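Letter by letter, the chains look like this.
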Amino acid sequence: MSRHNGGRVRIGIIGTGWWSTQAHLPSLAQYPDADVVAIADLSAERLRRAGDAYGIERRYSDFRQMLDAVSMAFCATARATAYADRIRLPG
Ligand SMILES: NC(=O)c1ccc[n+]([C@@H]2O[C@H](COP(=O)([O-])OP(=O)(O)OC[C@H]3O[C@@H](n4cnc5c(N)ncnc54)[C@H](O)[C@@H]3O)[C@@H](O)[C@H]2O)c1
């Protein structure tokens, strides 16, 4: 699958907690040059709520499985630094 959608950036968000659902997802939904195409969270319930609210079909419990589907991923978890050594950049 292409990591790009025409000229639009395909974004994946790790963590669908407070910041993602109250700030990042609403803001990115208005942004013309990018699509949030995938989300990841350890909580199935948070994944379901965020995915349903923003129409995001690709949902992952393990963020590493999401990376090949996106051109950019950013981390909005409470433990970002703890996982930084395990996150690799897409492509
Ligand atoms: N809430 C605030 O006012 C605020 C302000 C400034 C900065 N921040 C920072 O923003 C970050 C997120 O804050 P929040 O309030 O959204 O936290 P939150 O607890 O509401 O959400 C974090 C989410 O990350 C998920 N998560 C944790 N580890 C994960 C992993 N390995 N893979 C996938 N998902 C994982 C959790 O399940 C949770 O749903 C934190 O680093 C926090 O310090 C928060």
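See above for the structure.
Residues numbered from 1 in each chain as written. Predicted model: local features only at pLDDT ≥ 70, side-chain atom pairs only at ≥ 80, totals over all residues.

Asks: I keep staring at the site of the ligand and nothing clicks. Help me out?
Replies: The environment of the ligand is made up of 19 residues, and the closest members are Gly15, Gly17, Trp18, Trp19 and Thr77. For the shell around the ligand, the element with the most residues is helix α1 (residues 18–29), which contributes three residues. Among the residues making up the shell around the ligand, the classes are represented as ten nonpolar, six polar and three charged. (Near = placed C-beta within 6 Å. Helix = DSSP H or I, 4+ residues; strand = E, 2+ residues; numbered from the N terminus. Nonpolar A, V, L, I, M, F, W, Y, C, P; charged D, E, K, R; others polar.)

Asks: Please clarify how the environment of Arg49 should be interpreted in this entry.
Replies: By the secondary structure assignment, Arg49 is in helix α2 (residues 44–54). Spatially, the C-alpha atom of Arg49 lies 9.1 Å from that of Thr21, the residues being 28 residues apart in sequence.

Asks: What am I meant to see in the nonpolar core here?
Replies: In summary, soluble globular proteins display a tendency toward joint burial of nonpolar side chains. Counting 16 residues, the largest nonpolar core has Val36, Val37, Ala38, Ile39, Ile56, Met66 and Val70 as the members making the most contacts within it. For this core, the elements supplying multiple residues, two or more each, are β2 (8–14) and β3 (34–40). Tallying contributions element by element places β3 first for this core, with five residues. Those residues in contact with Ala38, other than ones at most four positions away along the chain, are Gly12, Ile56, Arg58, Tyr60, Met66, Ala69 and Val70. (Core = buried A, V, L, I, M, F, W, Y, C linked by C-beta atoms within 7 Å. Buried ≥ 20, exposed ≤ 12 C-beta atoms within 10 Å, placed from the backbone. Contact = placed C-beta atoms within 7 Å.)

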